Amino acid sequence: MSEADTQPRPTVLITGVAGFIGSNLADRLLSEGYTVVGLDNLEYGVEEQIPDGVTLHRGDIRSKEIYALFEGVDTVFHLAAKNCISDCQDDPVETADINVTGTVNVFEACRRAGVRKTIYAESAAVYEGIETMPTPEHEVAPQSFYGVSKLASMEFAKAYERFHGMKMTALRYFGVYGPRQDYRRSIPPVMSAFIIKLLRGERPTIYGSGAKKRDFIYVDDVNDFHLLAMKDDRPNGQVYNLGYGRPYSVGELFDEIEAILQTGITPEHKPDLPGEALVTHADITAARSLGWEPKVSLEEGLRRSIEYIRKHVIEAQA
Ligand SMILES: NC(=O)c1ccc[n+]([C@@H]2O[C@H](COP(=O)([O-])OP(=O)(O)OC[C@H]3O[C@@H](n4cnc5c(N)ncnc54)[C@H](O)[C@@H]3O)[C@@H](O)[C@H]2O)c1
């Protein structure tokens, strides 16, 4: 055993640990021997999906009471957010309060505690007004309140780097999917919505023509990158696109799922949802420069997602 293997692994704090990406990240970190502290107000997250072994603190990222939790923490993953685009359009004030003020409060907690590395969730929504495909990290034009709130958090991160020398990394997630993707929302993420409806023998809804394209990335691939970002100790304020680098239209996605499930059901169409980009397509050159490569194909990721939903949603509710 090498010396590194015998050293206790550092403590990692995850905000939004009860959510989709946070709970999957917690699983991965625990399996690699890290101590995981979680912070979540359980507003959208689900307590039962927080893995055993996480020390959960129920609290709000906007509260100054969270500062004490950050003492002794090596790395923070800040994932908590208000992140349903249509909910954010309905309430821009709360969107700014959680996604901007709350994020700055987390950065401030990291500064006060001397956290070594702060990694925070941004979003491909910052590219809503960009037509360059695949999209590199330096072109941004958010249109929705959600997208604007994510870009604002990046500007605050840059200021923390500038004035306090903090090590900050932004993760610009594209369409992350996999087990525990939030299917309870009024308008669930497209992939879970299709799978659940088809498994129940119901017709899924496509908003608009189905021509909108999305770059989907499986959550295990995202976790591979999380670990690389944690270990990258350069004080360089990097921003990384995390997508597969290959977009699929919503119609193609439906066809891929139907090809696996073979239900014979056709989708119904409803009017388009406002504020969504027509195409997302990640340029993943920067992420690849850290030695990362997405490994899970859409077909494989769909098969795993279907098995999860069959067991944990359909059979659990039966
Ligand atoms: N899932 C994706 O495809 C995707 C794409 C782009 C960006 N993102 C970003 O990644 C992050 C994680 O996304 P997710 O899909 O896991 O979301 P999620 O909604 O499943 O999880 C977010 C978690 O944050 C918690 N939370 C919300 N407001 C809070 C507050 N004020 N205080 C404490 N906790 C709070 C919620 O209870 C929830 O558990 C978010 O910042 C999101 O904007 C996700």
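Brief notes about the overall build of the chain
- In terms of regular secondary structure, the chain is built from 10 helices and 12 strands.
- At 19 Å, the chain has a C-alpha radius of gyration in line with the 20 Å of a compact globule built from 318 residues.
- Seen along its three principal axes, the alpha-carbon backbone of the chain occupies a region of about 55 × 40 × 35 Å.
- Expressed as a percentage of its 318 residues, the buried residues of the chain come to 54%.

Some thoughts on the site of the ligand
- Around the ligand, the structure places 30 residues, and the nearest of them are Ile21, Asp40, Asn83, Tyr146 and Lys150.
- In the model, an oxygen atom of the ligand is placed 2.8 Å from a nitrogen or oxygen of the phenylalanine 20 main chain.
- At the level of elements, helix 2 (20-31), strand 5 (117-123), helix 5 (145-164) and strand 7 (175-177) are the ones that each hand at least two residues to the shell around the ligand.
- With 3 residues, the top contributor of residues to the shell around the ligand is strand 5.
- Classifying every residue of the shell around the ligand by side-chain character gives 15 nonpolar, 8 polar and 7 charged.

A short note on the sheet that holds strand 11 (residues 247-249)
- Spatial strand order, 7-9-11: 3 strands in an open sheet with mixed pairing. The outermost strands of the open sheet, each flanked by one partner alone, are strand 7 and strand 11. Looking at each pair of strands side by side, their axes are set apart by 50 degrees on average, direction ignored.
- The sheet contact formed by strand 7 and strand 9 (residues 213-218) spans 3 bridges and is parallel.

Notes on empty space enclosed by the protein
- Counting across every chain of the model gives 2 cavities of 30 Å³ or more.
- The volume enclosed by the largest cavity comes to roughly 60 Å³.
- Lining the largest cavity, in full, are Gly178, Pro179, Arg180, Gln181, Tyr183, Met191, Ser192, Ile195, Ser305, Tyr308, Ile309 and Val313.
- Of all the secondary structure elements, the ones that give two or more residues to the lining of the largest cavity are helix 6 (190-199) and helix 10 (298-317).
- Looking at which element gives the most residues to the lining of the largest cavity, the answer is helix 10, with 4 residues.
- Among the residues making up the lining of the largest cavity, the classes are represented as 7 nonpolar, 4 polar and 1 charged.
- Approximately 40 Å³ is the volume found for the second largest cavity.
- As for the second largest cavity, its lining consists of Tyr120, Met154, Ala157, Lys158, Glu161, Met168, Ala170, Gly237, Gln238 and Val239.
- Secondary-structure elements contributing two or more residues to the lining of the second largest cavity are helix 5 and strand 6 (168-173).
- Here the lining of the second largest cavity gets 4 residues from one element, more than from any other, and that element is helix 5.

Scoring rules and cut-offs
Residues numbered from 1 in each chain as written. Predicted model: local features only at pLDDT ≥ 70, side-chain atom pairs only at ≥ 80, totals over all residues. Heavy atoms only, no water. Helix = DSSP H or I, 4+ residues; strand = E, 2+ residues; numbered from the N terminus. Rg over C-alpha atoms; globule rule 2.2 N^0.38 Å. Buried < 20%, exposed > 50% of the residue type's maximum accessible area, 1.4 Å probe, protein only. Near = heavy atom within 4 Å. Polar contact = N/O pair within 3.5 Å; in protein donor to acceptor, adjacent residues only side chain to side chain. Nonpolar A, V, L, I, M, F, W, Y, C, P; charged D, E, K, R; others polar. Pairing = 2+ DSSP bridges. Axes fitted to C-alpha atoms, helices over the stretch in contact; angles between N-to-C directions. 1 Å grid on protein atoms, 1.4 Å probe; cavity = no way out; pocket = protein on both sides within 12 Å on 5 of 7 lines; lining within 4 Å. Points joined across faces, edges and corners; volume = space filled by probe spheres on them.

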